[in-house]
Amino acid sequence: MTREYVDLHALGIALINIQAIFDRSYCFYTGHKRITANDRENFKIVAYNVKRGSIIFDAGLTAFTLQQSLAITQTIDPKLIFKATVAGFKFLHKYFSQTNKNNVPTVNITNSPGAVFNYNSDNNTITVSNDTMHISQAMRPALRRVATVFGQQAGELSINSQEYPKEDIVLNNEDAHLFKSNKVISNVPIILNGIVRSFSVENLTGHFEVSSSPAIPAGKYAFVIKDANDYNIDWIIESLKGNSIQVTAYIEYDVTPTIQSNITKLYLSAATLVERLRKEGV
């Protein structure tokens, strides 16, 4: 809870999986499926300086800074390993964070060699190389495990290199949730019109058929009521009779390994739903 101790379990998870993140780039460029004992002799992440005062845990990682370098054979450029890992992380971070804002980016894959990542904010387009795409997908499980050490306390994990100071990986409590599963839930609400086609009173879930909408394609979507305290299901029952209603929704996306976001669920805001229905006199 304070600087008096370090949670060794959380620290171990972070350190092992930081190594695993870089292992994915090493395996990609060597063509190996996994790290062998011989590989480990040739490829290591070395911590030059772990400051005692910057490792503070409280239900998760509060602050952790690691300056690292690569010890590797001369057959593979260490700079390429590091830059490819950073490019893969930045690609995932940008894609997930934009999806979280309900602004799913378009991804273009270029034939350029090496690690390429570029984001064009004007048209919300990400350009990556095949190297970056493959490495980013391979590192997702390790990033998911790293993200589990974050709790409610403010904190940040920063991985940087003394040799390449302009390249780094930064993860904090505000965005760690983006990596904790394959699902990304938008934090930007949208307004939808449609009809409730099915509903379970026990768990407040069902299916909502969306009519024409500029936000998402028309069709039937699974939903769960968000913030269901004091929720009056009379309004849902009325819609089950065929009455169209307007709801506020948050979209859940399943981000597949090829970085394609499919809508898997809608979270309907119950309080907003009731308020809107009352204004409409339903």
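Here the structure is shown first, and the text comes after it.
Note that the coordinates shown come from a computational prediction; the quantities given were computed from them, not determined experimentally.

Caption draft 1: Just the side chain of Asp-175, in detail. Among the secondary structure elements, Asp-175 is positioned in the loop between strand S8 (168-172) and strand S9 (183-185). Within the buried core, Asp-175 has no salt-bridge partner, and the shortest N-O distance to an opposite charge, that of Lys-180, equals 9.8 Å. A polar contact of 3.0 Å, which involves the side chain of Asp-175, links it to the backbone nitrogen of Asn-172.

Caption draft 2: Expanded view of the nonpolar core. With 44 residues, the main nonpolar core has Phe-22, Phe-96, Phe-179 and Ile-259 as its most contacted residues. At the level of elements, helix H1 (8-30), helix H3 (78-100), strand S6 (125-129), helix H4 (130-138), helix H5 (140-147), strand S7 (156-161) and S8 are the ones that each hand at least two residues to this core. A total of nine residues in this core trace back to one element, the largest contributor, which is H3. Residues in contact with Phe-96, not counting those within four places in the same chain, are Arg-140, Leu-178, Phe-179, Val-184, Val-255 and Ile-259. Formed by 19 residues, the second largest nonpolar core is a distinct cluster that contains Leu-192, Val-210, Tyr-221 and Val-247.

Caption draft 3: Highlighting the packing of aromatic side chains. Applying the stated criterion to the full structure yields eight aromatic pairs. With centroids separated by 6.5 Å and ring planes inclined at 70 degrees, the aromatic side chains of Phe-91 and Tyr-95 adopt a geometry described as edge-to-face. Remark: Tyr-95 and Phe-91 occur in helix H3; sequence separation between them is four residues, near one turn of the helix. A single burial state applies to Phe-91 and to Tyr-95, both of which are buried. Relative to Phe-96, the ring of Tyr-95 has its centre 6.4 Å away and its plane inclined at 80 degrees; by these criteria the two rings are edge-to-face. Assigned by exposure class, Tyr-95 and Phe-96 land together as buried.

Caption draft 4: Region of interest: the pattern of salt bridges. Taken as a whole and judged by the stated rule, the model has four salt bridges. The salt bridge partner of Lys-90 is Glu-167, with a shortest N-O separation of 4.0 Å. Taken together, the residues span a long stretch of sequence, with Lys-90 in helix H3 and Glu-167 in the loop between S7 and S8 at a distance of 77 residues. As a salt-bridge pair, Arg-197 and Glu-209 come within 2.8 Å of each other at their nearest N and O atoms. In this pair, Arg-197 is assigned in strand S10 (residues 190-200) and Glu-209 in strand S11 (residues 205-210), connecting sequence segments 12 residues apart. Residue classification places Arg-197 among the partly exposed residues on the basis of a relative accessible area of 42%. Relative accessible area serves as the criterion here: at 31%, Glu-209 is assigned to the partly exposed category.

Calculation notes
Residues take numbers from 1 onward in each chain, read along the sequence in its written order. Residues qualify for local features only when their pLDDT is at least 70, as the model is predicted, and side-chain atom pairs are given and counted only at 80 or more; totals for whole chains, interfaces and linings, by contrast, use all residues. Where side-chain values are given, they derive from all heavy atoms of the structure, hydrogens and water being excluded. Going along the chain from the N terminus, every DSSP run of H or I of four or more residues is numbered as a helix, and every run of E of two or more is numbered as a strand. Categorising residues by exposure relies on relative accessible area from a 1.4 Å probe, with only protein chains included: less than 20% of the type maximum marks a residue as buried, more than 50% marks it as exposed, and the intermediate range marks it as partly exposed. Just so you know, the count uses Lys and Arg for positive and Asp and Glu for negative, and it drops His and the chain ends. Take a side-chain nitrogen of Lys or Arg and a carboxyl oxygen of Asp or Glu: if they are within 4 Å of each other, that pair is a salt bridge. Within 3.5 Å is the distance limit for a polar contact, defined as a pair of N or O atoms, with the added protein rule that one can donate a hydrogen and the other accept it, and that residues adjacent in sequence qualify only through two side-chain atoms. In this description, a nonpolar core means a group of buried Ala, Val, Leu, Ile, Met, Phe, Trp, Tyr and Cys residues linked to one another through side-chain atoms lying within 4.5 Å. By definition in these notes, contact holds between two residues if any of their heavy atoms fall within 4.5 Å. Ring pairs shown here join Phe, Tyr and Trp side chains whose ring centres sit within 6.5 Å, with only the six-membered ring taken for Trp; geometry is labelled stacked below 30 degrees between planes, edge-to-face above 60, and tilted in between.

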